[in-house]
Amino acid sequence: MTNPVVSVIVAVRNGERYLPEALNSIVTQTYQPDEVIVVDGDSTDNTENIAKSYPQVTFLRQPGKGIPNAYKFGIEKARGDLLAFLSHDDLWTPNKLEVQVNYLVSHPEVQYTIARVKFFLDDEQTIPPGFRPELLAGEPVGRIMETLVVRKSLFDRIGVFNTELTVAEDVDWYARANDHQIPSHIVPEVLLH
């Protein structure tokens, strides 16, 4: 696989405040994705118009509820060999796809890559309940969807995200990948904010 088709799936619900920055961080990548799919969960704000203002974006309405369902629907619709994910309130570094796609191309045995993350709060936010404040000071390895670039075929092997879960669908998926001893790689740099 020398020139894989790369699809990006963005899950969003009422994301008008942050969505433009998130989409800009995708469309300005040094390695351009072949498609960007925005899966909208019944937004009541200007999310749809914002998403449709980007010619690279395919806008889809989510048929069910919850983030795992949005990801599952996006995976079903994506035509990419490699899939990447972004939430509407997160940002990629400009080289994220280049680093991870190139690694997967040159290491065909590796099924997915993740990277480090730098957490931040915007000026108007306080630390949300349940968030560990010490994460704001570090650059931990992000076993979360937003750092993931994965071969689409891996979902056929270990399944997609459990739509019965309302939280921690990523924890469940990474645990299944670990249980199956799926070869993976951690990029030792921050690729997500």
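Everything below is about the structure shown above.
The text that follows walks through the structure, step by step, so that each part is easy to find. (Residues numbered from 1 in each chain as written. Predicted model: local features only at pLDDT ≥ 70, side-chain atom pairs only at ≥ 80, totals over all residues. Heavy atoms only, no water.)

If you check which residues of helix α4 (residues 96–106) are buried, you get K96, L97, Q100, V101 and L104. Along the axis of α4, the buried residues cluster in a sector spanning 95 degrees; they form a single face. For α4, the secondary structure elements touched by its buried residues are β1 (6–12), β4 (82–87), β5 (112–117), β7 (149–151) and β8 (184–192). (Buried < 20%, exposed > 50% of the residue type's maximum accessible area, 1.4 Å probe, protein only. Helix = DSSP H or I, 4+ residues; strand = E, 2+ residues; numbered from the N terminus. Arc of directions from axis to C-beta. Contact = heavy atoms within 4.5 Å.)

Regarding helix α1 (residues 19–27), the residues found buried are L19, A22, L23, S25, I26 and V27. Next to the buried residues of α1 lie β1, β2 (35–40), α2 (47–52), β3 (57–61) and β4.

Examined against the element boundaries, Y54 turns out to sit in the loop between α2 and β3. On the accessibility criterion, Y54 (13% relative accessible area) is buried. Every residue in contact with Y54, bar those within four places of it in the chain, is listed here: P20, L23, N24 and V27.

Right, let's get into the nonpolar core. Ranked by internal contacts, the top residues of the largest apolar core, which has 28 residues, are V10, L23, I26, V38, W92 and L97. For this core, the secondary structure elements donating two or more residues are β1, α1, β2, α2, β3, β4 and α4. Those residues within four positions of L97 in sequence are excluded, and the remaining contacts are V6, V8, Q29, Y31, P33, A84, W92, N102 and V149. Counting residues in each nonpolar core, the second largest holds 25 residues, with Y71, I75, I158 and A177 among its members. (Core = buried A, V, L, I, M, F, W, Y, C linked by side-chain atoms within 4.5 Å.)

Under the definition given, this model contains six salt bridges. A salt bridge links R79 to E35, with the shortest nitrogen-to-oxygen separation between them at 3.7 Å. Highlighted residues: R79 in the loop between α3 (67–77) and β4 and E35 in strand β2, separated in sequence by 44 residues. The class of E35 is buried, set by a relative accessible area of 11%. Overlapping salt bridges bring together E48, K52 and R61 as one network. (Salt bridge = Lys/Arg side-chain N within 4 Å of Asp/Glu carboxyl O.)

On to the packing of aromatic side chains, then. Evaluation of the coordinates by the stated rule reveals 10 aromatic pairs. Between W173 and Y174, the aromatic rings sit 5.3 Å apart at their centres with planes inclined by 80 degrees, giving edge-to-face as the arrangement. Each member of the pair, W173 as well as Y174, carries the same accessibility label: buried. (Phe/Tyr/Trp six-rings, centres within 6.5 Å; stacked < 30°, edge-to-face > 60°.)

A word on the pairing of β1. The side chains of a regular strand alternate, first on one face of the sheet and then on the other. Of all seven residues in β1, seven are buried; the element is thus mostly enclosed. The two faces of β1 match: V6, V8, V10 and V12 on one face and S7, I9 and A11 on the other face are all buried. Relative to β4, β1 runs parallel, the two sharing six bridges. Its bridge partner being in β4, V10 is matched across the sheet by L86. Where β1 lies against β2, six bridges are found, and the strand directions are parallel. In the strand pairing of β2, I9 is matched with I37. Where the polypeptide runs from β1 across α1 and back to β2, its parallel neighbour, the crossover connection is right-handed. (Pairing = 2+ DSSP bridges. Right-handed = clockwise from strand over helix to strand, strands pointing away.)

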